[in-house]
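# Overview (structure and organization)
What follows is each chain in one-letter form.
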Amino acid sequence: MRDRRKWIVRTEKGNHVSLIINPLLRPHLTALAATVTAPLVTRFAPSPTGYLHLGHVVNAIYVWGIARALNGRVLLRVEDHDRIRCRPEYEAALLEDLAWLGFEPDFGLEPLLRQSEIPFVYEQALEGLRATAHVYACECSRKDIGGERYDGRCRGRGLKVATGRGIRVQLGNDMEKFEDALLGRLSQLPAEQCGDLLVRDRDGHWTYQFAVTVDDLRQNVTLVIRGADLVSSTGRQILLARMLGRRNAPVFLHHPLIHDDLGEKLSKSAGDTGVRELRSSGLSAPEVIGIAAARVGLVDPGMPIHASEVSRLFEQRVLPGP
Ligand SMILES: [Zn+2]
């Protein structure tokens, strides 16, 4: 049952907002600070496969809010590893919308950090992986596999890496246990969940799982803040990071998502939840941020929140309230 206790905090000068306190909405900041390896670096990592919508705004609220509350830094990373679905016009629009909202990355903006521009980084990581793990070519299509889990049927075939073949890495049978900053203690068994991980797909694209794990390692990301739809990827990313030589896994925080009227996660073609649409309807940036925060229950509806003030949503400074 949702805990409806409220804390009153100040968001702007003379402006008070009541926060709904729910342990699944806000991390315990002191405990979080104690578990993250210093320096605290988190990232905002959109894919230019569509326009920004309220779901991205929720993520930005968490990323900037928690980073600022803990004196951490925010890295911007354009996750354009999927060269088929990504488009330059989406990238330009998401940067413009982010600036309009007022969320300023500490690094990664100039020059812009794009996954597509650093194939050598992933090549090098793959070479490193070959030294310690069984890396092999796989010719199975999604249809051949027929589900999320790959059964390893090409593992012992000795196929050569070639155009039209993917590359996988064999996963051990270890149970991955980790402490999510909101969801608490979780354990996952990647070998059972997904089987040997696809590193590069049959079209020659680095996969999401591989690219983000390599990037989080080389960019020293110590706190990953993302939506709860990605929680099942966490164990495999921790395992892969260790195989790539990472000593301390980042801390993960999976926050609630906005759902549409049908209970589905917001999609790229978000219609009335698109930042562009909300802008053109005359709303201000603080109003849009306030709507996103209210949609996940961080605040009551109708409270504009400036991007520079989102840390107040997490600091839980109690003021005398009504
Ligand atoms: Zn295969």
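Predicted model, so just to flag it, every value in this text is computed and none were measured.

Criteria and cut-off values
- Residues numbered from 1 in each chain as written.
- Predicted model: local features only at pLDDT ≥ 70, side-chain atom pairs only at ≥ 80, totals over all residues.
- Heavy atoms only, no water.
- Helix = DSSP H or I, 4+ residues; strand = E, 2+ residues; numbered from the N terminus.
- Buried < 20%, exposed > 50% of the residue type's maximum accessible area, 1.4 Å probe, protein only.
- Contact = heavy atoms within 4.5 Å.
- Areas by Shrake-Rupley, 256 points an atom, 1.4 Å probe, with all protein chains shown as cover.
- pLDDT = per-residue confidence, 0-100.
- Axes fitted to C-alpha atoms, helices over the stretch in contact; angles between N-to-C directions.
- Parallel < 35°, antiparallel > 145°, perpendicular 65-115°, else oblique.
- Left-handed = near helix turned anticlockwise from the far one by under 90°.
- Pairing = 2+ DSSP bridges.
- Nonpolar A, V, L, I, M, F, W, Y, C, P; charged D, E, K, R; others polar.

Across its full length, the chain carries 11 helices and 11 strands. In the chain, which comprises 322 residues, the share counted as buried stands at 52%. When contacts within the chain are restricted to residue pairs at least 6 apart in sequence, those whose partners lie at least 24 apart make up 75%. By element, 50% of the accessible surface of the chain is carried by carbon and sulfur atoms, the whole surface being about 15300 Å².

Per-chain confidence: the chain averages 88 in pLDDT, with 87% of residues scoring 70 or above. Confidence drops under pLDDT 50 across residues 1-20; counting only partners more than four residues distant or on other chains, this segment forms 66 contacts. Counting interchain partners and residues more than four positions distant, the pLDDT-below-50 stretch residues 317-322 has 11 contacts.

The next thing to look at is the packing of helix H7 (residues 208-218) against helix H8 (residues 234-243). It is at 10 Å that the axes of H7 and H8 come closest, and there the two elements cross at 55°. Taken as axis vectors, H7 and H8 run oblique relative to one another. For the pair H7 and H8, the crossing hand works out as right-handed. Contacts from Tyr208, Gln209, Phe210, Val212 and Thr213 in H7 reach Arg236, Gln237, Leu240 and Ala241 in H8.

So, about the sheet that holds strand E6 (residues 166-169). Hydrogen bonds between backbone groups are what pair the strands of a sheet, and the pairing can be parallel or antiparallel. Strand order in this open sheet of three strands is E5-E6-E9, and the pairing throughout is antiparallel. Bordering the open sheet on either side are strand E5 (135-138) and strand E9 (197-200), each of which pairs with just one other strand. Within this sheet the neighbouring strands show an average axis-to-axis angle of 40°, counted without direction.

This brings us to unusual backbone geometry. In this structure, Pro39 follows Ala38 across a cis peptide bond, with omega equal to -5°. Checked against the element boundaries, Pro39 lands in the loop between helix H1 (29-35) and strand E3 (41-44). Omega for the bond connecting Glu110 with Pro111 falls within 30 degrees of zero, at -5°, which places this linkage in the cis form. By the secondary structure assignment, Pro111 is in the loop between helix H3 (88-101) and helix H4 (119-132). Of note, Asn71 is a non-glycine position whose phi angle comes to about 55°, a positive value. Tracing the sequence through the fold places Asn71 in the loop between helix H2 (54-69) and strand E4 (73-76). One non-glycine residue, Asn220, lies in positive phi territory at about 55°. Its location among the elements puts Asn220 in the loop between H7 and strand E10 (223-227).

So, about the packing of H4 against H7. Where H4 contacts H7, the axes come no closer than 10 Å and their chain directions differ by 95°. In this view, H4 runs roughly perpendicular relative to H7, as classed from their interaxial angle. On H7, the residues touching Val121, Tyr122, Ala125, Leu126 and Leu129 of H4 are Phe210, Ala211, Val214, Asp215 and Arg218. Tallied by class, the residues present in the contact of H4 with H7 amount to eight nonpolar, no polar and two charged.

So, on to the environment of Asp215. Among the structural elements, Asp215 can be located in helix H7. Each C-alpha atom, one on Asp215 and one on Ala241, is 10.0 Å from the other, the two residues being 26 residues apart in sequence. Asp215 has contacts with Arg77, Gln115, Ile118, Tyr122 and Asn220, leaving out every residue within four places of it along the chain.

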